[in-house]
Amino acid sequence: MSTIKEKVAQLVRPEIRALKAYHVPDASGLIKLDAMENPYSWPEDVRRDWTTVLQDVALNRYPDSEARRLRDPLRTALGVPAGMELMLGNGSDELIQIVLMSVSAAHAVVLAPMPTFVMYEMIATFTGMNFVGVPLQPGFSLDMPAMLKAIEIHKPVVIFLAYPNNPTGNLYSREDVERIIEASPGLVVLDEAYHAFAGQSFMDRLGRHDNLLVMRTLSKQGLAGLRLGILAGPAAWLTEFNKVRLPYNIGSLTQASAKFALTHLALLDEQARQIRQDREKLFQALGRLRDVQVWPSQTNFILFRVTNREADQVFDGLRTRGVLIKNLNSSGGMLKDCLRVTVGAPSENDAFLKALEAAL
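What you are looking at is a predicted structure, and each value in this text was computed from that prediction instead of being measured.

The rules behind each value
The numbering scheme is per chain: residues are counted from 1 as the chain's sequence reads. With the structure being a predicted model, the display of local features is reserved for residues of pLDDT at least 70 and the display and counting of side-chain atom pairs for 80 or more, all residues being used for whole-chain, interface and lining totals. Heavy atoms from the whole structure form the basis of all side-chain values; hydrogens and water molecules are not counted. Criterion used throughout: strands pair if DSSP finds at least two bridges between them. By definition, any uninterrupted DSSP run of H or I lasting at least four residues is a helix, any uninterrupted run of E lasting at least two residues is a strand, and each is numbered from the N terminus. We call two residues in contact when some of their heavy atoms are within 4.5 Å. With axes taken as lines fitted to C-alpha atoms, and helix axes fitted only over the stretch in contact, angles between N-to-C directions fall between 0 and 180 degrees. Only buried residues count toward a nonpolar core, which is a set of Ala, Val, Leu, Ile, Met, Phe, Trp, Tyr and Cys residues joined through side-chain atoms within 4.5 Å. Only protein chains enter the accessibility calculation, which uses a 1.4 Å probe. A residue is then buried if its area is under 20% of the maximum for its type, exposed if over 50%, and partly exposed in between. Pairing of aromatic rings covers Phe, Tyr and the six-membered ring of Trp, with a centre-to-centre limit of 6.5 Å; geometry is then stacked below 30 degrees between planes, edge-to-face above 60, and tilted otherwise. Two conditions define a charge sitting above a ring: the NZ of Lys or the CZ of Arg must be within 6 Å of the ring centre, and it must be within 35 degrees of the ring normal.

A. Structural context of the sheet that holds strand β10 (residues 301-306). Read from one edge to the other, the open sheet built from four strands follows the order β9-β10-β13-β12, with strand pairing classed as antiparallel. Every other strand in the sheet has two partners, leaving β9 (292-294) and β12 (326-327) as the edge strands with one partner each. In terms of strand pairing, β12 meets strand β13 (residues 338-342) through two bridges, oriented antiparallel. Note on β13: the bridge partner recorded for N327 is L339. Sheet strands touched by helix α12 (residues 265-287): β9, β10 and β13. Its angle to β10, the strand with the most contacts, is close to 5°. This element, helix α13 (residues 311-320), spans β10, β12 and β13 of the sheet and lies at about 30° to β13.

B. Structural context of the nonpolar core. Formed by 52 residues in total, the largest nonpolar core has its most connected members in L70, L74, L88, L161, V177, I180 and L190. Considering every element that reaches this core, the biggest residue donor is helix α7 (residues 144-154), with four residues. Not counting residues up to four positions away in its chain, the partners in contact with L70 are L88, L228, Q255, A258, K259 and L262. Within the second largest apolar cluster, 36 residues are counted, among which are L33, A196, L282 and V323.

C. Focus on the packing of aromatic side chains. Counting across every chain of the model gives ten aromatic pairs. Of the aromatic side chains, those joined through ring pairs into one cluster are W42, W50 and F260. Over the aromatic face of F202 sits the side chain of R174, whose NZ or CZ is 4.2 Å from the ring centroid.

Quick look at the structure:
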């Protein structure tokens with residue numbers, strides 16, 4: 001009679017057993033600067049109006065499976081070109097999964113520059129696809145000869161480009177991105193999760209390239225708790241992907257809350273402007289510290305390397321002093337001894353800098 005471990009080994013795919021689950025650390029009691037969240041909540045009067053809206057949501061009914069009342073406000077807010085369609089997901093993660101489930105096939109390749117958002121590789125593995133990572137150059141720009149060679153050799157069905165990139169924070173050259181789109185035999189998904197802090201987008205290029213899709217999220221603009229991702233592109237693609245999307249994937253409270261939030265775009269934009277301003281102050285302060293190498297960012301986080309101690313020790317020292325950031329040291333390679341800090345409110349940034357000086 002087999003043991004449970006033997007049964008698991010028989011039934012669970014070996015590549016899944018080899019993975020580690022995505023770890024989200026407990027931030028209780030800590031200044032939370034590890035997850036690229038907006039540190040600012042809504043003013044009390046806006047919160048009061050929001051809760052009034054939520055009182056009218058019929059929780060005894062299933063949500064609108066197509067989120068029809070949310071689509072037009074999203075199209076306007078995101079500047080989606082006429083003739084392009086939208087598909088909504090439970091965060092960008094679900095949209096990545098839907099895309100890859102739709103195109104997965106034996107020996108099919110998913111390609112992305114590395115380092116980048118870890119879920120591209122993880123979900124490629126979940127869906128039984130082969131992932132190919134192409135290392136970035138020092139300074140984190142695209143290695144175009146290597147990218148174009150990899151495209152030629154592997155003929156990827158999907159290329160993911162985070163624009164700006166996570167965890168490096170930089171925008172790739174628009175010319176390089178255009179060359180990748182033109183060279184790709186399959187889809188190119190531009191992941192613009194940090195668009196609010198970058199000011200550049202390929203949304204207006206939709207329809208000009210038949211293999212281009214643009215992905216957005218509202219998570220970085222203060223709505224992380226809603227888990228709403230948006231995929232924009234030609235109907236021919238999204239019609240097929242929509243067959244894979246599970247019904248009722250966007251809950252009624254999320255739909256109502258997002259629709260309400262989009263009536264307060266000026267507030268969201270002002271918060272993003274404040275974060276950009278705070279980012280520059282934090283970047284300058286990090287640059288003044290000895291034994292810290294810091295990279296410019298077009299996102300709401302900053303990547304830096306410690307040069308006089310191991311990143312693990314500095315990370316633990318920060319946590320001991322009540323500040324949680326992201327430790328990227330275990331990724332190795334060009335991220336060895338690197339840490340990533342989310343831009344917080346000014347008081348949080350000050351507390352982080354004080355703790356970092358003490359931990360170095």
